[in-house]
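Okay, here's what each chain looks like letter by letter:
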Amino acid sequence: MGMKFQIRNACWLGDDAWFHHGTISIANGRIMKLESDFASDTPSAGEFIVPGLIDAHVHLREPGQPYKEGIANGTLAALKGGVTTVLNMPNNVPPTASLARLEAKRALFAQKSRVNYGLFLQARIGGPRAPESAAGVKIYMAKSSALAAVRDPAALAQIFRLQNRVVVHAEDEREFSTGWKKSFHRVEKTGEIFHSVEKSFPQCGKLPHHLRRPRAAVVAALQSIATAWRRVPPKERPRLVIAHCSTVEEIDWVRKMKRQGHDVWAETCPHYFLFTEQDDRARGPALQVNPPLRTEEDRAAVFAAVQDGGIDFISTDHAPHLPKEKAADSPPSGIAGLEWFGPVLLTLTMRGEISWQRYLKLAGQKAAQCYGIEGRGLVREGAWADLAIVANKPPAAAQEKIVTRAAVHPYPQFEFAVGIRATLVNGRLAWTDGRVRPGVHGREVYG
Ligand code: DOR
Ligand code: ZN
């Protein structure tokens, strides 16, 4: 890593949200010097450079389910998407809920990750405090691994007291449609209400996903979170992140908490502002995700918050499942969008739907701030040289080689304005023109 080199005639998106034209000098994996000859408010017509994106919510399924997607392939998808840092979720098999398992997972990432990384610990009652070297803890209020869900205010409060950074999946599983499940069991036995279900949802033959996990589950979760929050003395409260916000209710709640000065942050994912439950109905298992896609009103509220700062940062919630698993009768939930992350956000910004200032925050700066990641997320002197080189010509969808083992393009209709031509991780070219450079490893972003 003692290499020194320069990128001349470069155009880069600076930390002031202007496009600078000049020379980037890189040494020892970091940006040593930025020499800007002039600046403009739009990128140059050819290629331009943006900070490598930070995806603060991915599910790379190692250890436990590498057949779905392991660290090496998942981080290859990251490189294709211009992503240079991922924070990995703990709902592995077995769940990452002890310090020993966290250490074991860290060893795997050290060996296999092509991008920089941080890891979450799964919260459980009586579980350990996340060490400084972890991104934080994840609370699942609906079961998502072998561990029971954590949903009661008393349990939440206990975790809030102990931890510094908490990210919550805010769907209370007790509101899931067990009534319907019971009905279905009865249907199987007697054939009784089947007819009416069929009539209401002919193409499914069963309740649509967003009704199986209704909005009431989100509302109940927010209520319990608020109750727990009030029970914990202000000084003992953690930083709280509401993961993958998908409803008006979450957006409004986070806005209110922010106004009142609480250390509460909001994350969303592209699918929550690109799609609605109609798309889920139309495209079936490909867009079945938890929390589910919601109404047009929810989608619009999420996107308004993306634009105005109600949402702090965007993540993919990259959750790969194999095509044959998605084709099963009860398919697993999850969308695998990591390799299109940069192109989606950049295209929306090129179209003027997001300002470049907001782009910087949404694509990395805020996630870095939220999770204590230093020296990443912006192109500035002294920062790590995590860079994505953006080309105005996106790959044609038909010719595109999909990297993720989920093997499905979540955004087939989206008109990409740009693609990622190359990605540098800690000053080393890791991926270029569709090919990975072997031997480039990321490093842990903590410690
Ligand atoms: O859709 C989802 N898939 N939501 C989750 O919370 C978990 C994830 C997964 O791990 O597959
Ligand atoms: Zn997730």
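Everything that follows concerns the structure shown earlier in this document.
Calculation criteria
Residues numbered from 1 in each chain as written. Chains lettered and ligands numbered in written order. Predicted model: local features only at pLDDT ≥ 70, side-chain atom pairs only at ≥ 80, totals over all residues. Heavy atoms only, no water. Donors = N, O, S within 2.8 Å, 3.2 Å for Na, K, Ca; no water. Helix = DSSP H or I, 4+ residues; strand = E, 2+ residues; numbered from the N terminus. Buried < 20%, exposed > 50% of the residue type's maximum accessible area, 1.4 Å probe, protein only. Phe/Tyr/Trp six-rings, centres within 6.5 Å; stacked < 30°, edge-to-face > 60°. Near = heavy atom within 4 Å. Polar contact = N/O pair within 3.5 Å; in protein donor to acceptor, adjacent residues only side chain to side chain. Areas by Shrake-Rupley, 256 points an atom, 1.4 Å probe, with all protein chains shown as cover. Expected span 1.5 Å × (residues − 1). Contact = heavy atoms within 4.5 Å. Arc of directions from axis to C-beta. Lys, Arg positive; Asp, Glu negative; His and termini not counted. Salt bridge = Lys/Arg side-chain N within 4 Å of Asp/Glu carboxyl O. Patch = residues over 30% accessible without salt bridge, like charges linked within 9 Å, V, L, I, M, F, W, Y side chains within 5 Å. Charge placed at Lys NZ, Arg CZ, Asp CG, Glu CD. Pairing = 2+ DSSP bridges. Axes fitted to C-alpha atoms, helices over the stretch in contact; angles between N-to-C directions.

Draft legend 1. Region of the structure containing the coordination of the zinc ion (ligand 2). Of the protein atoms, only His57 (NE2), His59 (NE2) and Asp317 (OD) coordinate the zinc ion (ligand 2), at distances of 2.0 to 2.1 Å. Spacing between the donor residues of the zinc ion (ligand 2) along the chain follows H-x1-H-x257-D. Of this pair, His57 sits in strand 5 (residues 53–58) while Asp317 sits in the loop between strand 12 (313–314) and helix 12 (323–326); the two residues are 260 residues apart in sequence, bridging distant segments of the chain. A single burial state applies to His57 and to Asp317, both of which are buried.

Draft legend 2. Structural view of the environment of Arg380. For Arg380, the position within the fold is in the loop between helix 14 (356–370) and strand 13 (387–391). For the pair Arg380 and Arg30, spaced 350 residues apart in sequence, the C-alpha separation works out to 9.4 Å.

Draft legend 3. Examining the packing of aromatic side chains more closely. For the coordinates displayed, the defined rule picks out 12 aromatic pairs. With a centroid separation of 4.9 Å and 85° between ring planes, the pair formed by Phe19 and Trp356 is classed as edge-to-face. Taken together, the residues span a long stretch of sequence, with Phe19 in strand 2 (residues 19–27) and Trp356 in helix 14 at a distance of 337 residues. Considered together, Phe19 and Trp356 belong to a single accessibility category, that of buried residues. Here Phe120 and Tyr371 contribute two aromatic rings whose centre-to-centre distance is 5.4 Å and whose plane-to-plane angle is 85°, an arrangement assigned as edge-to-face. Taken as a pair, Phe120 in strand 7 (residues 116–122) and Tyr371 in the loop between helix 14 and strand 13 lie far apart in primary sequence, 251 residues in all.

Draft legend 4. Fine view of the site of ligand 1. As a structural note, the neighbourhood of ligand 1 is formed by His59, Arg61, Asn91, Ser144, His169, Val289, Asn290, Ala319, His321, Ser333 and Gly334. Between ligand 1 and His59 there is a distance of 3.5 Å, counted from an oxygen atom to a side-chain nitrogen or oxygen. Measuring from a nitrogen atom of ligand 1, one finds a backbone N or O atom of Ser333 at 3.0 Å. With the chains in place, 92% of the 290 Å² that ligand 1 exposes on its own is no longer accessible.

Draft legend 5. View of helix 8 (residues 248–259). Helix length check: helix 8, at 12 residues, gives a terminal C-alpha distance of 16 Å against a target of 16 Å (1.5 Å per residue), a fit within 8%. Looking only at helix 8, the buried set comprises Val248, Glu250, Ile251, Trp253, Val254 and Met257. Buried residues in helix 8 make contact with helix 7 (215–231), strand 10 (239–242), strand 11 (264–268) and helix 11 (296–308). A positive phi of about 85° marks Gly261, the residue just after helix 8.

Draft legend 6. Geometry of helix 2 (residues 99–112). Over its 14 residues, helix 2 runs 20 Å from end to end, which matches the ideal 20 Å to within 8%, given 1.5 Å per residue. Residues of helix 2 that are buried include every one of Leu102, Lys105, Arg106 and Phe109, and no others. End-on, the buried residues of helix 2 take up no more than an arc of 110°, which puts them together on one face. Summarising the geometry of helix 2, the exposed residues directed more than 90 degrees from the buried face are Ala100 and Gln111. Buried positions along helix 2 lie against helix 1 (71–80), strand 6 (83–88) and strand 7.

Draft legend 7. Layout of the side chain of Glu250. Structurally, Glu250 can be placed in helix 8. Despite its burial, Glu250 remains without a salt bridge, the nearest opposite charge being carried by Arg294 at 6.4 Å. Sequence-distant contacts of Glu250, defined by excluding residues within four places in its chain, comprise Val218, Leu222, Ile242, Ala243, His244 and Cys245.

Draft legend 8. Inspection of a positive patch on the surface at higher detail. Together, Arg230, Arg231, Lys256 and Arg259 make up a region of like positive charge exposed at the surface. For the positive patch, the secondary structure elements donating two or more residues are helix 7 and helix 8. For Arg259, the position within the fold is in helix 8.

Draft legend 9. Quick peek at the sheet that holds strand 11. Pairing is parallel across the open sheet formed by eight strands, whose spatial order is 5-6-7-8-9-10-11-12. Bordering the open sheet on either side are strand 5 and strand 12, each of which pairs with just one other strand. In this structure, strand 11 lies alongside strand 12, joined through two bridges in parallel fashion. Bridging from a neighbouring strand, Glu267 pairs with Phe313 of strand 12. Strands strand 5, strand 6 and strand 12 of the sheet are contacted by helix 13 (residues 341–350), whose axis makes an angle of about 120° with strand 5. Against the sheet, helix 14 contacts strand 5, strand 9 (165–169), strand 10, strand 11 and strand 12, and its axis sits at roughly 65° relative to strand 5.

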